[in-house]
Amino acid sequence: MKNKRMKLMSLLTLAAVLIGGLSLPSIQAQALSLAHPAPEKTILISTGAKELKHGAQKFIDNMGKRAIEFLGNDALSQSQKEAKFKSLLRSSFDLKTIGRFALGRYWRSATPAQQKEYNRLFENMVVRVYATRFNEYSGQTLDIGTFRQDGAKDTIVTSYIVPPDGGEKIKVDWRVRNKNGAYKIVDVIIEGVSMALTQRSDFSSVIQRGGGDISALLVHLRKQQ
Amino acid sequence: MTKNRFSFCKYICVLALAFTLAACSTNKEPIYVGDLEVQDPYEGFNRGVLEFNEGVDKVLLEPVARGYRAATPKAFRYALRNFLRNLKSPIIIGNQLLQGDLEGTANSTARMIINTLAGFGGILDLAADGGIEYEPEDFGQTLATWGVGNGPYVVIPIIGPSTTRDSAGMLVDAYVDPLRLYLFNTNQEGWHYGRLGAGVLDQREELLDVLDDLRKNSFDYYAALRSAYIQRRQALIRDENPELTAGPAIPDYE
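Rules of the game
Residues numbered from 1 in each chain as written. Chains lettered and ligands numbered in written order. Predicted model: local features only at pLDDT ≥ 70, side-chain atom pairs only at ≥ 80, totals over all residues. Heavy atoms only, no water. Helix = DSSP H or I, 4+ residues; strand = E, 2+ residues; numbered from the N terminus. Buried < 20%, exposed > 50% of the residue type's maximum accessible area, 1.4 Å probe, protein only. Contact = heavy atoms within 4.5 Å. Polar contact = N/O pair within 3.5 Å; in protein donor to acceptor, adjacent residues only side chain to side chain. Buried area = accessible area lost by both parts, 1.4 Å probe. Salt bridge = Lys/Arg side-chain N within 4 Å of Asp/Glu carboxyl O. pLDDT = per-residue confidence, 0-100. Pairing = 2+ DSSP bridges. Expected span 1.5 Å × (residues − 1). Phe/Tyr/Trp six-rings, centres within 6.5 Å; stacked < 30°, edge-to-face > 60°. Lys NZ or Arg CZ within 6 Å of the ring centre and 35° of its normal. Core = buried A, V, L, I, M, F, W, Y, C linked by side-chain atoms within 4.5 Å. Axes fitted to C-alpha atoms, helices over the stretch in contact; angles between N-to-C directions. Parallel < 35°, antiparallel > 145°, perpendicular 65-115°, else oblique. Left-handed = near helix turned anticlockwise from the far one by under 90°. Nonpolar A, V, L, I, M, F, W, Y, C, P; charged D, E, K, R; others polar.

Peer 1: So what exactly am I meant to see when it comes to the environment of Arg233(B) here?
Peer 2: Residue and element names in this part refer to chain B. Relative to the elements of secondary structure, Arg 233 occurs in helix α12 (residues 221-237). By relative accessible area, which is 10% here, Arg 233 ends up buried. Once residues lying within four places of it in the same chain are set aside, the contact partners of Arg 233 are Asp 138, Gly 140, Gln 141 and Asp 166. There is a polar contact of 2.8 Å between the side chain of Arg 233 and the side chain of Asp 138.

Printed below as a string of structure tokens:
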């Protein structure tokens with residue numbers, strides 16, 4: 001029994017080696033030619049940059065380039081980088097809209113004073129959260145992909161965060177809103193998970209478990225500052 | 001082997017009983033993740049299981065995953081991940097067929113052949129370099145494409161977030177996996193459990209940063225994790241079709 005199995009296995013191994021050996025060069029050549037498709041050659045003639053057709057694509061590309069420029073600049077101190085990053089965030093994100101969405105239906109039941117405090121705390125939180133995320137920057141690049149229109153004002157721009165060492169890229173979709181001619185980000189969707197929606201789920205659970213009062217959330221937000 | 005199957009059945013029965021008991025004590029507001037209503041009748045029980053899982057994670061899974069990351073070069077971890085993914089090929093191809101996804105079936109078959117033969121048994125993902133990317137498929141997704149809803153959200157001990165549909169799918173995939181059947185029929189169960197262990201290690205390492213971020217940046221980790229799980233599954237069910245995955249519509253408040 002055991003002998004028979006050994007024989008079968010060695011036979012299979014032999015077959016695999018033979019098939020593998022014979023087809024390896026051709027398949028590898030094919031795979032490699034797939035990896036470097038022909039259009040790359042034409043890039044030598046063109047400018048080398050991918051053409052971005054939509055303004056929202058250019059906006060995201062621009063933001064990524066500016067962020068990478070100072071994040072990868074060793075002449076800047078950590079606090080300088082953070083300050084630059086925070087101002088870039090505040091100018092690129094529509095934090096008021098994101099905050100209002102994250103609060104969902106509890107916005108209406110909040111008093112004007114609570115709304116005001118929430119806005120301030122939420123903005124600070126988002127800026128801080130993203131600043132710490134980007135503190136982990138280690139040479140990644142932002143590769144801009146396709147775009148599509150969603151409604152009258154929104155464009156979804158697909159992009160990929162590409163690690164420098166050939167690791168797996170991360171898909172990031174940006175919901176970019178055109179507000180009176182200026183672009184602002186209203187959601188970031190990472191591998192299908194919307195940051196705004198996850199935050200909304202988190203917040204509404206905190207409020208519901210706190211008896212349906214927004215002050216339960218404000219307590220948490222204040223602690224974070 | 002019989003003993004194994006018996007204890008496995010017992011585990012499932014205990015779980016089923018626990019969920020039934022837990023369901024008796026609920027009556028609450030519906031939960032929405034985007035347009036999707038999520039049922040979580042076992043929330044109290046689920047929160048308990050999550051707490052248990054967090055405990056196990058803190059003392060065992062996370063430290064081991066961190067040690068693995070620290071002790072091995074990236075190239076090794078990618079090789080192991082590619083290898084494990086390649087072993088899943090039969091299950092992926094089978095599910096794509098059941099979903100009627102012929103293009104996906106062709107892609108996954110091509111991936112399996114290229115990576116097994118030219119990628120040294122799957123440790124190199126040459127197919128992805130060539131533009132045929134890995135696409136995770138499972139029977140939970142297949143059920144979803146057949147119109148089966150999520151069912152109640154459940155947190156499974158050790159395994160983590162799931163739904164009744166997805167956990168049923170997981171059992172089916174595990175049961176019909178040709179590799180498992182082969183190893184069990186040839187008295188090589190050791191390799192099967194080795195592969196399972198390697199899979200857990202690989203997945204926990206892959207999720208280190210994501211879960212870290214979610215834990216750190218949420219007030220109610222349970223609710224945030226539930227939301228993220230449902231959204232991620234939804235994206236996978238739609239095969240990450242860019243036309244369909246764009247997050248929720250965000251109103252214009254002005």
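Past the structure itself, the notes keep going.
Peer 1: Quick question: what am I supposed to make of the interface of chain A and chain B here?
Peer 2: For an interface, size is often stated in terms of accessible area lost upon the parts coming together. Taken together, the 52 residues of chain A in the interface contact 48 residues of chain B. In this assembly, chain A packs against chain B so that about 4,300 Å² is buried in total across both faces, 53% of it on carbon and sulfur atoms. Between chain A and chain B we count nine salt bridges in total. In this structure, Glu133(B) engages Lys169(A) in a salt bridge whose closest nitrogen and oxygen atoms are separated by 3.6 Å.

Peer 1: Can you walk me through the pattern of salt bridges in this structure?
Peer 2: Opposite charge on two side chains lets them pair, provided their charged atoms get close. Applying the stated criterion across every chain, the model contains 42 salt bridges over all chains. Note that Glu168(A) and Arg81(B) form a salt bridge whose closest N and O atoms lie 4.0 Å from each other. Remark: Arg81(B) occurs in helix α3 (residues 74-87) and Glu168(A) occurs in the loop between β2 (154-162) and β3 (170-179); the pair is interchain, linking two chains. The class of Glu168(A) is partly exposed, set by a relative accessible area of 42%. Several salt bridges share partner residues, and in doing so they unite Glu168(A), Arg69(B), Arg77(B), Arg81(B), Arg85(B), Asp202(B), Glu205(B), Glu206(B) and Asp209(B) into one network.

Peer 1: Before we go on, may I ask you to explain unusual backbone geometry in this structure?
Peer 2: For residues besides glycine, phi is generally negative; the peptide bonds are generally trans as well. The backbone phi angle of Asn180(A) is positive, close to 50°, even though this residue is not glycine. Checked against the element boundaries, Asn180(A) lands in the loop between β3 and β4 (182-190). One non-glycine residue with positive phi stands out, namely Ile158(B), at about 65°. Within the fold, Ile158(B) resides in the loop between β3 (153-156) and β4 (160-163). With a relative accessible area of 47%, Ile158(B) lands in the partly exposed category.

Peer 1: So what exactly am I meant to see when it comes to the confidence of the model for chain A here?
Peer 2: Low pLDDT means the predicted coordinates in that region are not meant to be read closely. With 78% of its residues at a pLDDT of at least 70, chain A reaches an overall mean of 81. Segment residues 6-48 of chain A: pLDDT under 50, and 20 contacts once partners within four positions in sequence are set aside and those in other chains are kept.

Peer 1: Looking at this model, I keep getting lost on the pairing of β3(B). Mind explaining?
Peer 2: All names here are of chain B. Residues Tyr 153 and Val 155 of β3 are buried on one face, and the alternating residues Val 154 and Ile 156, pointing to the opposite face, are buried as well. For β3 and β4, the ladder comprises four bridges, and the chain directions are antiparallel. Looking at the pairing, Val 155 lines up with Pro 161 of β4. Linking β3 back to β4 in an antiparallel pair, the connection comprises three residues, with Ile 158 at a positive phi of about 65°.

Peer 1: Got a minute to help me understand α12(B) in this structure?
Peer 2: Side chains of residues three or four places apart in an α-helix project in the same direction, reflecting 3.6 residues per turn. All names here are of chain B. The first and last C-alpha atoms of α12 sit 24 Å apart over 17 residues, in line with the 24 Å expected at 1.5 Å per residue. Within α12, 15 of the 17 residues are buried, which leaves the element mostly enclosed by the surrounding structure. Positive backbone phi, approximately 50°, marks Asp 239, located one or two places after α12.

Peer 1: Sorry, what's going on with the pairing of β2(A) here?
Peer 2: Regular strands show a simple pattern: their side chains alternate between the two faces of the sheet. Residue and element names in this part refer to chain A. The pairing of strand β1 (residues 141-150) with β2 spans eight bridges and is classified as antiparallel. For Gln 149, the partnering residue across the bridge sits in β2 and is Thr 155. Taking the residues that link successive antiparallel strands as the turn, the β1-β2 hairpin has three residues, and the phi of Gly 151 there is positive, at about 80°. For β2 and β3, the ladder comprises eight bridges, and the chain directions are antiparallel. Residue pairing in the sheet places Thr 155 in a bridge with Val 176 of β3.

Peer 1: What is the right way to read the packing of aromatic side chains from this model?
Peer 2: The description of an aromatic ring pair uses the distance of the two centres, along with the angle that the planes make with each other. Across all of its chains, the model carries eleven aromatic pairs over all chains by this definition. Put simply, the rings of Tyr118(A), Phe122(A), Phe203(A) and Phe219(B) touch in pairs and so form one group of aromatic residues. Lying over the aromatic face of Tyr160(A), Lys169(A) brings its terminal NZ or CZ to 4.7 Å of the ring centre. The ring of Phe184(B) has Arg180(B) sitting right over it, with the charged end atom 5.1 Å from the ring centre.

Peer 1: Any chance you could explain the nonpolar core here in plain terms?
Peer 2: Across soluble globular proteins, you tend to see nonpolar side chains buried next to one another. Residues and elements named next belong to chain A. In terms of nonpolar packing, the biggest core is built from 65 residues, with Tyr 118, Trp 174 and Leu 217 touching the most fellow members. Top contributing element to this core by residue count: helix α7 (residues 112-135), with nine residues. Not counting the four nearest positions on each side in its chain, Trp 174 is found in contact with Ile 60, Met 63, Phe 93, Thr 155, Ile 156, Val 157, Ser 159, Ile 185, Asp 187 and Val 188.

Peer 1: What exactly am I supposed to notice about the sheet that holds β2(A) here?
Peer 2: Within a sheet, neighbouring strands are paired by backbone hydrogen bonds and run either parallel or antiparallel to one another. Residue and element names in this part refer to chain A. What the five strands build is an open sheet, ordered β1-β2-β3-β4-β5; its pairing is antiparallel. The outermost strands of the open sheet, each flanked by one partner alone, are β1 and β5 (193-194). Strand direction decides the pairing type here: β4 and β5, joined by two bridges, are antiparallel. In the strand pairing of β5, Ile 190 is matched with Val 193.

Peer 1: Looking at this structure, how should I read the packing of α7(A) against helix α8 (residues 195-209) of chain A?
Peer 2: Packed helices, taken two at a time, are described by the angle between their axes plus the distance between the axes. Residue and element names in this part refer to chain A. It is the contact of α7 with α8, at a shortest axis distance of 14 Å, that shows an interaxial angle of 125°. By the angle class used here, α7 and α8 are oblique. In this structure, the crossing between α7 and α8 has a hand that is right-handed. Only Met 195, Gln 199 and Phe 203 of α8 make contact with α7, whose side of the interface consists of Tyr 118, Phe 122, Met 125, Val 126, Tyr 130 and Arg 133. Tallied by class, the residues present in the contact of α7 with α8 amount to seven nonpolar, one polar and one charged.

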